[in-house]
Amino acid sequence: MSPTMSASAQAFEDRPHEPVLVISDRLDDDPIGLLSCPVPLRHVPSPLFNAEEYHSAPLVLLDDRSYTNFTLRHMPHRPGLIVTSADPDDDTAYPRAVAIGAEAVLRTGQDLAWLHLRLHAATDCHYAHWEALLPGPPPPDGI
């Protein structure tokens, strides 16, 4: 332990961080565009995740295309459930998200900066590609 770090801070640093659970039945590993995000993720098809990892994950991302299979599992509502929707014109994603207690619906490729910040906050990940999260060019030197 470093001399300046308290025992409670050291315990926090040493505890294992649970990954964000990404539930998706898609064959690719990146259903919503998170490859550039350095937070720990666990990708699982909807029939294969278990209740323990669903409850212990700091955040759960549900690919909207896996919604039906997810609802067949009868999982209880939990904070930190976010539905991602690939179809920007699908207005049924919102009522379905409300039905399962989701806190947000994100369209694939949109609001990724918000999602990355939410992922970092949920996992206590201290590493971020800030250039990708902040819009626009950096300010000129001297400001």
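Because the structure is predicted, anything quoted here is derived from the model rather than measured. (Residues numbered from 1 in each chain as written. Predicted model: local features only at pLDDT ≥ 70, side-chain atom pairs only at ≥ 80, totals over all residues. Heavy atoms only, no water.)

**Q** Before we move on, can you summarise the sheet that holds strand S1 (residues 20-23) with the specific residues and values?
**A** Strand order across the open sheet formed by five strands is S2-S1-S3-S4-S5, with parallel pairing between neighbours. The sheet terminates laterally at strand S2 (41-44) and strand S5 (104-107), the two strands that pair on one side only. Taken pair by pair, the neighbouring strands of this sheet meet at an average axis angle of 25 degrees, ignoring direction. With four bridges joining them, S1 and S2 adopt parallel strand pairing. Within S2, the residue paired with Leu-21 across the bridge is Arg-42. (Pairing = 2+ DSSP bridges. Helix = DSSP H or I, 4+ residues; strand = E, 2+ residues; numbered from the N terminus. Axes fitted to C-alpha atoms, helices over the stretch in contact; angles between N-to-C directions.)

**Q** Could you give me a rundown of the packing of aromatic side chains, with the residues and numbers involved?
**A** Under the defined criterion, the tally for this structure stands at three aromatic pairs. Measuring from centroid to centroid gives 5.8 Å for Phe-49 and Tyr-54, while their planes differ by 40 degrees, and the two rings are tilted. Note on Phe-49: relative accessible area 1%, which makes it buried. On the basis of an interplanar angle of 55 degrees and a centroid distance of 5.9 Å, the ring pair of Tyr-54 and Phe-70 is categorised as tilted. Here Tyr-54 is found in helix H2 (residues 51-56), whereas its partner Phe-70 is found in helix H3 (residues 67-71), with 16 residues between them in sequence. Here the aromatic cluster, defined as three or more aromatic residues joined through ring pairs, consists of Phe-49, Tyr-54 and Phe-70. The lysine or arginine in question, Arg-78, covers the ring of Tyr-54, its NZ or CZ lying 5.7 Å from the ring centre. (Phe/Tyr/Trp six-rings, centres within 6.5 Å; stacked < 30°, edge-to-face > 60°. Buried < 20%, exposed > 50% of the residue type's maximum accessible area, 1.4 Å probe, protein only. Lys NZ or Arg CZ within 6 Å of the ring centre and 35° of its normal.)

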